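Architecture and fold: a report
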Amino acid sequence: MAKSIVSAVLEKLGSLLMIPEEIKQNVELALALEEEIGKLTVHFQDVQSVLQDAESKQVKDGNVRNWLKKLKDVAYDVDDVLDEWKSAKLKPKLEKEEKEVEDFPLFKKIRRSISSFSFQTVQYYNIASKIKIVNQQLDCIANEKDRFKFGLEKEVEEYQRLITASFIDEEEVYGRFEETTVLVNMLVGENSSGGSRLDVISIVGMGGVGKTTLAQLVYNRNDVECQFDKRIWICVSDPFDEMRIAKEILEAFKGECPKLVGKDNILQEICSHVLGKKILLVLDDVWTEDAKKWEQLKNSLKCCSHGSRILITTRKEKVAIIMGTTASNLLQLHTLSQEECWSLLSHRGFSGRSREESENLEDIGRKIAEKCQGLPLAANILDYLKGVRGEEMEIVGEEYFDELKMRSFFQLFKRDELDSGIVKYKMHDLIHDFLQVLMETECLMIVSNGFKELEVDLSCERARHATLIRKEATPAEPNIYHFKKLRSLLIDSSYHDTSSLSSYMPKLFDQLTCLRTLNLTNSLFGNSIEELPDEIGKLVHLRYLNLKNNRKLKELPESLCELCNLQTLNLKWCDSLEELPSGIGKIINLRHLENERTELSLIAMPEGIGRLTNLQTLSVFVATDSSNASTLGDLQNLINLRGHLKISGLGAVCDVAEAKKAELRKKEGLRTLILDFTISKGLMSERLRRTSDWELLEALQPPPWLEKLEIWCYGSSTISLNWMMSLTKLSHVSLGSCLNLQFLPPLGKLPSLETLYLGEMSGVKELGVGFLGVKKEETSALPSSSESPSSSAIAFPNLKHLEFFDLKEWEHWRSLTIREAEDISVMPRLCSLTIGSCPKLRELPSYILQNTSLKHLDISQSPILSGRCRKETGEDWLEISHIPSIIIDGLCSQVNNSSVEEFGLFIKFEESPQSLHTKLMGAMNVVSLDSLRCL
């Protein structure tokens, strides 16, 4: 831990050695700063050289442990000072930019420059003083290290995973009877004789769950051994060394290490040895996702006899698929039951103990078994993560998280559908408890009980991270001001909302000025703070500010814009927020502005958004043509935008040139684009029946990698998007509340489209061949099926889920002619069809009625169609009766639960079914956002 903070400080020192020009004019100050920074660098380099030895010795030596704590404290202090230095250098640049855009008289600009220079000089004097103080502390720490006689740092050897073998003591294994039976049947059962000559079977599961153990159990069973001419066990691990694996396979056949060198010679030799033999090859601990590394070796094994098997163990399902595993040959290995876990622990932990000792330890042993949560190898060894390779911090962070997740550090907790479907993870209980002990003086859980003043342990005054839990509705002032060195603070609103913090926040921000992370998240429906105090501007080190769900928050202070180091600002569901601060352009390091649902109250975006060129996340941009706000053209400079972007208020935009200037097509990181053609007036958003929206839509061409597109309240009668057909990755399309729309675009041409929603379109009366994306002249040009059956066109080749809602005037869904049906295949992968509130729709087309892939049909508030599809009495019943799940006006005509779960729909059949978006709105207990859009 000390090593990481020292390394970070040294990196900052290297980047801040240059003295600002305005300070060089003060020779005394400049020389003092250079000297102190030089001392700091030497001290930390000196200390860094022995840290590896020090951190290994601290486990047994309390004095070393205390020395490392003191070093970390000073390193944190230095990091804070260097952060102030960085901010002080940045301020003049921001002020210069601000003066250039402001229309100030000359004398005011001069007065501000003099004032600014004086303030900067004072700041640098203060920084120099602080650096001198920490240098004195470092002098003592550097001198103290000599008495410990630490060894100099050696090159760290990369951790090698344990090399496994096939041998196992079955008496040491508990549970897994059912899994063993299933796996044996996959390898040698009656059903295993089908399929290809060389099937690949995979055991997939998290680290420590027992994949290797299960493979060893099966490998050594007599009923498996007797079925194969040759069994081979290879520990693959990472990296995937194709030559090593090939040589080990050859060695298993020949009984000696092969002398061959060339790859082709080795593979030819393998082919000759497996020819006509039935083999079982186990590849344990496979990590590679590069199919090319495996392809040639696998081909050399295909000379084997029918019924041969390759058994793979891996942590990732993606690896299993790349290696050639089909769904029927994939075994997901889950955790042990609590009782099985207890049996394993008691056997190993109580071995050699007396009966009395075992009984005394049983209670705590069962608690430990519960903490293990079914992982046979719960105490996983965490590898050091590989070093940063220079990518952006978000990418590196994702890599770190994925690495920790694979090693069972994090476990899937839940998916929050009300929060953009975010998947939430939690730390494994054993690791959490271990880290609490390891970081007891740095990480605190503070519980405030009512009016009782918080008792402070003086040993924790230099804590760096804290969670404050307020258990009473009217708590006493949260006395956390003793912890002045806090870097992160999470105020838990699980018991009570944030409104009771209002009176404490000014002092909180005034005292805890070292904060880098501040989480003031509120419960979604709780009372909340209504404003942030100006003192928020004192948190100059702040990187992350979370104000999510503070639904009564009406404004943010201008002082927030002084936080030039802020990187993430979360305003999700702050739906009373009327405006963002006008100086937001000064937060130039802002990378993530998460502001979903703020469009319910925001009328426009402030000028200066275009200066935030580091922005990667901008959830919502409220468009306008107003000269006092940001316009669409301000998006031009935000070239790093990625993920999700919603542009609302397009109904107020007339300037097509501004839309073109936004250059959305160049923002290649965007994956979701939502275009809302209402006029933003807070909660009173309205829609105009404009016919010129098509020009604006054409100008907002998205990047080619877009995966999700939604268009709401569009005013023109047609959508003639020249760019839509170039979106080959587009998998989801929603068109809603487009009341003037009469003709739908040829969506059937989209090759990757999987989900399509069409709703609230009173102008649509018919869906014909044009909707399928195949024109009449194209179908007539196709040869007949007898001439060339492979030449058929496919409309909607990958569509799985289709929903129509509230198409009041829709009458005809045209079937294909016999000639067209021979040449066009329509929706061959369709799983679910939902039709609601389409009262005039007369019948389903034949390509829907006869669709054998359809698993779920839901029709409601569409009387003509409901009558035709009613069980036994409907004209179309015989044609749709093959569909496993059919719901007509809330009544289950027939249902097959397994088929429903197969494509991800879970329905309480005793309740009336609703469309997907209606269910979501009902669950959130708020007014339908679609209706708000179109008031």
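Residues numbered from 1 in each chain as written. Predicted model: local features only at pLDDT ≥ 70, side-chain atom pairs only at ≥ 80, totals over all residues. Heavy atoms only, no water.

**Details of the overall build of the chain**
When helices and strands are counted, the chain shows 29 helices and 30 strands. Split into buried and exposed, the 935 residues of the chain put 49% on the buried side. Considering only contacts in the chain between residues 6 or more positions apart, those separated by 24 or more positions represent 70%. As displayed, the chain offers around 45,100 Å² of accessible surface, 51% of which is attributable to carbon and sulfur atoms. (Helix = DSSP H or I, 4+ residues; strand = E, 2+ residues; numbered from the N terminus. Buried < 20%, exposed > 50% of the residue type's maximum accessible area, 1.4 Å probe, protein only. Contact = heavy atoms within 4.5 Å. Areas by Shrake-Rupley, 256 points an atom, 1.4 Å probe, with all protein chains shown as cover.)

**A look at the sheet that holds strand β28 (residues 856-860)**
The strand order β16-β17-β18-β19-β20-β21-β24-β27-β28-β29-β30 describes an open sheet built from 11 strands, whose pairing is mixed. Looking at strand neighbours, the two that pair on one side only are β16 (620-622) and β30 (891-894), the edges of this open sheet. For this sheet, the mean angle separating the axes of adjacent strands, direction not counted, is 10°. Across 5 bridges, strand β21 (residues 755-759) lies against strand β24 (residues 801-805) in parallel orientation. Residue pairing for β24: L756 is matched across the bridge by L802. (Pairing = 2+ DSSP bridges. Axes fitted to C-alpha atoms, helices over the stretch in contact; angles between N-to-C directions.)

**Side note on the side chain of T624**
Assignment of secondary structure puts T624 in the loop between β16 and β17 (642-648). The exposure class of T624 is buried, given its relative accessible area of 13%. Of the polar contacts made by the side chain of T624, one reaches the backbone nitrogen of S626; its length is 3.1 Å. Once residues within four sequence positions are removed from consideration, T624 is found in contact with A604, A629, S630, T631 and V653. (Polar contact = N/O pair within 3.5 Å; in protein donor to acceptor, adjacent residues only side chain to side chain.)

**Examining the state of the cysteines**
Evaluated as defined, the whole model comprises 1 disulfide. Between the sulfur of C271 and that of C303 lies a disulfide, 2.3 Å long from S to S. Here C271 and C303 share a disulfide; its torsion about the S-S bond, -60°, makes the bridge left-handed. Separated by 32 residues along the polypeptide, C271 in helix α11 (residues 263-274) and C303 in the loop between α12 (292-301) and β4 (308-314) bring together distant segments of the chain. On the basis of relative accessibility, which here comes to 23%, the residue C303 falls in the partly exposed class. (Disulfide = S-S within 2.5 Å.)

**Examining the sheet that holds strand β10 (residues 488-492)**
Reading across from one edge, β8-β9-β10-β11-β12-β13-β14-β15 is the order of the 8 strands in this open sheet, with parallel pairing throughout. At either margin of the open sheet sits one strand with a lone partner, and together these are β8 (443-448) and β15 (617-618).

**Digging into unusual backbone geometry**
In the Ramachandran plot, C713 falls in the positive-phi region, its phi being about 60° despite a non-glycine side chain. With respect to the helices and strands, C713 occurs in the loop between β19 (708-712) and β20 (732-736). Despite not being glycine, S837 shows a phi value in the positive range, around 55°. Structurally, S837 is set in the loop between β27 (832-836) and α24 (846-849). On the basis of relative accessibility, which here comes to 11%, the residue S837 falls in the buried class.

**Side note on the nonpolar core**
Ranked by size, the top nonpolar core spans 135 residues in total, and within it L489, F804 and W813 carry the most contacts. F804 has contacts with L758, L767, W810, W813, L833, T834, I835, G836 and C838, leaving out every residue within four places of it along the chain. The next biggest cluster of nonpolar side chains, apart from the first, holds 35 residues, and it includes L13, V50, L82 and A128. (Core = buried A, V, L, I, M, F, W, Y, C linked by side-chain atoms within 4.5 Å.)

**Notes on the pattern of salt bridges**
In the structure shown here, the tally under the stated rule is 44 salt bridges. When the shortest N-O distance is used, the salt bridge between K39 and E35 registers 3.9 Å. On the criterion of helical spacing, the pair formed by K39 and E35 is a turn pair, its members being 4 residues apart in helix α3 (residues 27-48). Taking the relative accessible area as the measure of exposure, K39 reaches 38% and is therefore partly exposed. Residues joined by salt bridges that share partners form a network here, namely D79, D80, D83, R487, R516 and R543. (Salt bridge = Lys/Arg side-chain N within 4 Å of Asp/Glu carboxyl O.)

**Brief notes about the packing of helix α10 (residues 242-254) against α12**
Helix packing geometry: the angle between the two helix axes and the distance between the axes. It is at 10 Å that the axes of α10 and α12 come closest, and there the two elements cross at 25°. In terms of orientation, α10 and α12 fall into the roughly parallel class. Seen along the crossing, α10 lies across α12 with a hand that is right-handed. Across from E242, I245, A246 and I249 in α10, the residues of α12 making contact are K293, Q296 and L297. Across the contact of α10 with α12, the residue classes break down as 4 nonpolar, 1 polar and 2 charged. (Parallel < 35°, antiparallel > 145°, perpendicular 65-115°, else oblique. Left-handed = near helix turned anticlockwise from the far one by under 90°. Nonpolar A, V, L, I, M, F, W, Y, C, P; charged D, E, K, R; others polar.)

**Points about the pairing of strand β3 (residues 279-286)**
Among the 8 residues in β3, 8 count as buried, and that is most of the element. Bridge count between β3 and β4: 5 bridges; the pairing is parallel. Among the inter-strand pairings, L283 is bridged to a residue of β4, identified as I312. For the handedness criterion, the β-α-β arrangement of β3, α12 and β4 is classed as right-handed. (Right-handed = clockwise from strand over helix to strand, strands pointing away.)

**Describing α10**
Spanning 13 residues, α10 covers 18 Å between terminal C-alpha atoms, matching the ideal 18 Å at 1.5 Å per step. Within α10, burial applies to E242, I245, A246, I249, L250 and F253. Seen end-on, α10 carries its buried residues on one side only, within an arc spanning 135°. Taken together, the buried residues of α10 touch β2 (230-237), α11, β3 and α12. Two to three positions downstream of the cap, the backbone nitrogen of M243 sits 3.3 Å from a side-chain oxygen, assigning the N-cap of α10 to D241. Downstream of α10 by a residue or two, G255 has a phi angle that is positive, lying close to 80°. (Expected span 1.5 Å × (residues − 1). Arc of directions from axis to C-beta.)

**A look at the packing of aromatic side chains**
Tallied over the full model, the rule gives 13 aromatic pairs. Ring geometry for W712 versus Y757: centroids 6.1 Å apart, planes at 35°, classification tilted. Of this pair, W712 sits in strand β19 while Y757 sits in strand β21, and the two are 45 residues apart along the sequence. The class of W712 is buried, set by a relative accessible area of 7%. Taken together, F804, W810, W813 and Y847 form an aromatic cluster joined through their ring pairs. The lysine or arginine in question, K278, covers the ring of F228, its NZ or CZ lying 5.6 Å from the ring centre. (Phe/Tyr/Trp six-rings, centres within 6.5 Å; stacked < 30°, edge-to-face > 60°. Lys NZ or Arg CZ within 6 Å of the ring centre and 35° of its normal.)

**Concerning the side chain of N135**
Mapped onto the secondary structure, N135 falls in helix α6 (residues 106-145). Within the structure, the side chain of N135 is placed 2.7 Å from the side chain of E36, a separation counted as a polar contact.

**Let's talk about the environment of F409**
Residue position: F409 is located in the loop between α16 (393-406) and β6 (410-416). Taking the C-alpha atoms as reference, F409 lies 8.9 Å from H432; in sequence the two are 23 residues apart.

**Let's talk about the environment of N479**
Positionally, N479 belongs in the loop between β9 (465-470) and β10. As a C-alpha pair, N479 and L508 span 29 residues in sequence and 9.3 Å in three-dimensional space.

**Comments concerning the packing of helix α7 (residues 177-188) against helix α8 (residues 211-219)**
Two numbers describe how α7 lies on α8: the axes approach to 10 Å, and their chain directions differ by 60°. On the basis of their axis angle, the class for α7 and α8 is oblique. Of the two elements, α7 crosses α8, and the hand of that crossing is right-handed. Contacts between α7 and α8 pair E179, T180, L183, V184 and L187 from the former with L214, L217 and V218 from the latter. Split by residue class, the contact of α7 with α8 holds 6 nonpolar, 1 polar and 1 charged.

**A short note on the confidence of the model for the chain**
When the pLDDT values of the chain are averaged, the result is 81; 79% of them are 70 or greater. Low pLDDT (under 50) marks residues 104-115, which in the prediction has 7 contacts with non-local residues, meaning those over four places away or in another chain. For the stretch residues 779-791, pLDDT sits under 50, and the model shows 18 contacts to residues farther than four places along the chain or on other chains. (pLDDT = per-residue confidence, 0-100.)

**Looking at the environment of L435**
By the secondary structure assignment, L435 is in helix α17 (residues 429-438). With relative accessibility at 25%, the residue L435 sits in the partly exposed group. Once residues within four sequence positions are removed from consideration, L435 is found in contact with F409 and M427.

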